[in-house]
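Results of the structural survey
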Amino acid sequence: MPPRSPRPADTLDDDDYPAYTMGRAAEMLGATPAFLRALGENRLITPLRSDGGHRRYSRYQLRIAARARELVDRGTKIEDACRIVILEDQLEEAQRINAEYRRAAESRNPQAGSAR
């Protein structure tokens, strides 16, 4: 059985749904398609491809690209901006995981949380 296509209502709130063409994504960022290609070359974002092979971007990817654009606009080289954004994203994820572990430990031992 072929995979079921998502219903339009299912994709409206999906940050990972590749809803934006390269042209639209570049327009939304105030950037050029070349800028988006450079982000892909530097492995910051990897757009999905439509059946016709065209690049498609999600809202999450556009937020990441916008952060890189801010850094580039301040004079950071694109390669460095991509690395900074990757490291920021990794740090945010590590902090989220730490917070989850802390909550789990505190729920097992409520006294540990009040000792700080």
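Residues numbered from 1 in each chain as written. Predicted model: local features only at pLDDT ≥ 70, side-chain atom pairs only at ≥ 80, totals over all residues. Heavy atoms only, no water.

**What about the nonpolar core?**
Counting 21 residues, the largest nonpolar core has L36, L39, L44, I45 and Y57 as the members making the most contacts within it. The set of elements that each furnish at least two residues to this core consists of α2 (22-29), α3 (33-41), α4 (59-73) and α5 (78-108). With residues up to four places along the chain from it excluded, the contact list for L44 reads L39, I64, A68, C82, V85 and I86. (Core = buried A, V, L, I, M, F, W, Y, C linked by side-chain atoms within 4.5 Å. Buried < 20%, exposed > 50% of the residue type's maximum accessible area, 1.4 Å probe, protein only. Helix = DSSP H or I, 4+ residues; strand = E, 2+ residues; numbered from the N terminus. Contact = heavy atoms within 4.5 Å.)

**Quick word on the sheet that holds strand β1 (residues 20-21)**
Two orientations exist for strands paired in a sheet by backbone hydrogen bonds: parallel and antiparallel. The 3 strands lie next to each other as β1-β3-β2, forming an open sheet whose pairing is antiparallel. Every interior strand has two partners, whereas the edge strands, β1 and β2 (48-49), have only one. Here 2 bridges tie β2 to strand β3 (residues 55-57), and the two strands are oriented antiparallel to one another. When the sheet's bridge partners are listed, L48 is paired in β3 with R56. (Pairing = 2+ DSSP bridges.)

**Comments concerning the side chain of S58**
Its location among the elements puts S58 in the loop between β3 and α4. Look at S58 and you get buried, because its relative accessible area is 3%. A polar side-chain atom of S58 sits 3.3 Å from the main-chain carbonyl oxygen of D15. Other than its neighbours up to four places away in sequence, S58 contacts D15, D16, Y17, P18, A19 and Y20. (Polar contact = N/O pair within 3.5 Å; in protein donor to acceptor, adjacent residues only side chain to side chain.)

**Quick notes on unusual backbone geometry**
Unusually for a residue other than glycine, R43 sits at a positive phi of about 60°. Along the chain, the position of R43 falls in the loop between α3 and β2. Residue R43 is classed as exposed on the basis of its relative accessible area of 71%.

**Looking at the pattern of salt bridges**
For the structure shown, the criterion picks out 9 salt bridges. Across the pair R96 and E93 runs a salt bridge, and its minimum N-O distance is 2.5 Å. Of the two residues, R96 and E93 are both situated in helix α5; the distance of 3 residues between them amounts to about one turn of the helix. Members of the salt-bridge network, linked through shared partners, are R67, E70, R74 and E88. (Salt bridge = Lys/Arg side-chain N within 4 Å of Asp/Glu carboxyl O.)

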